Amino acid sequence: MQQPMKDACKVLEFHDNYQIELDLPGIKADDFGVKFQDEGRILYLFGRFQRNLWWDQSQSAPCIFKRKFTFEHQVDATRVTTYMEGNILVIVAPKCEEGMWQ
């Protein structure tokens, strides 16, 4: 049995955006996708990658991951940026103008 993938996650809220930081060792930028629903209030992160088997490091198996994040304010999905900082996936999701407080 493969051990479950454990990811450290931090969600930060700023005046004009949300920032999600996920520790995803072994995952490349091409391994994941981002999708929005509920008028930009729900973000789905999903992906697929190869992972070494914990009992036999010479073999690997496909792994699927998915995470769901719900925001209080609507996000502008057309301006979302993602990038990797080492093992850390960073997602910056700007709030829509009507979702920003004064």
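Model, not experiment: these values are computed from the prediction. (Residues numbered from 1 in each chain as written. Predicted model: local features only at pLDDT ≥ 70, side-chain atom pairs only at ≥ 80, totals over all residues. Heavy atoms only, no water.)

A few words on the overall build of the chain. Scanning the chain from terminus to terminus reveals zero helices and seven strands. In the chain, the succession of helices and strands from N to C terminus is β-β-β-β-β-β-β. The proportion of buried residues among the 102 residues of the chain is 36%. The contacts in the chain between residues at least 6 apart in sequence include a share of 51% that link residues at least 24 apart. Here the chain displays about 6700 Å² of accessible surface, and carbon together with sulfur accounts for 50% of that area. (Helix = DSSP H or I, 4+ residues; strand = E, 2+ residues; numbered from the N terminus. Buried < 20%, exposed > 50% of the residue type's maximum accessible area, 1.4 Å probe, protein only. Contact = heavy atoms within 4.5 Å. Areas by Shrake-Rupley, 256 points an atom, 1.4 Å probe, with all protein chains shown as cover.)

Turning to the nonpolar core, a few remarks are in order. Core analysis: the largest hydrophobic core is formed by 18 residues, its most contacted members being Ile20, Leu22, Leu43, Leu45, Phe71, Leu89 and Ile91. Every element with two or more residues in this core is listed here: β2 (17-23), β4 (42-53), β5 (56-70) and β7 (88-94). Not counting the four nearest positions on each side in its chain, Leu89 is found in contact with Ile20, Glu21, Leu22, Leu24, Phe32, Leu45, Thr82, Tyr83 and Met84. (Core = buried A, V, L, I, M, F, W, Y, C linked by side-chain atoms within 4.5 Å.)

Strand order across the open sheet formed by four strands is β1-β2-β7-β6, with antiparallel pairing between neighbours. Because the sheet does not close on itself, it has two edges, and the strands there are β1 (8-13) and β6 (81-85). Going from strand to strand, the sheet's axes swing by 15 degrees on average, the running direction of each strand aside. Pairing between β6 and β7: five bridges, direction antiparallel. The partner of Thr81 across the bridge, within β7, is Val92. (Pairing = 2+ DSSP bridges. Axes fitted to C-alpha atoms, helices over the stretch in contact; angles between N-to-C directions.)

Evaluated as defined, the whole model comprises three salt bridges. Residues Glu13 and Lys95 are paired through a salt bridge, measuring 2.8 Å at the closest nitrogen-oxygen approach. Here Lys95 lies in the segment after β7 and Glu13 lies in strand β1, a separation of 82 residues in the sequence. One salt bridge connects Arg79 with Asp76, and the closest N-O pair in it is separated by 3.5 Å. In this structure Arg79 comes out as partly exposed when scored by relative accessible area, which is 46%. (Salt bridge = Lys/Arg side-chain N within 4 Å of Asp/Glu carboxyl O.)

Remember, this is a structural readout, not a statement about activity or role.
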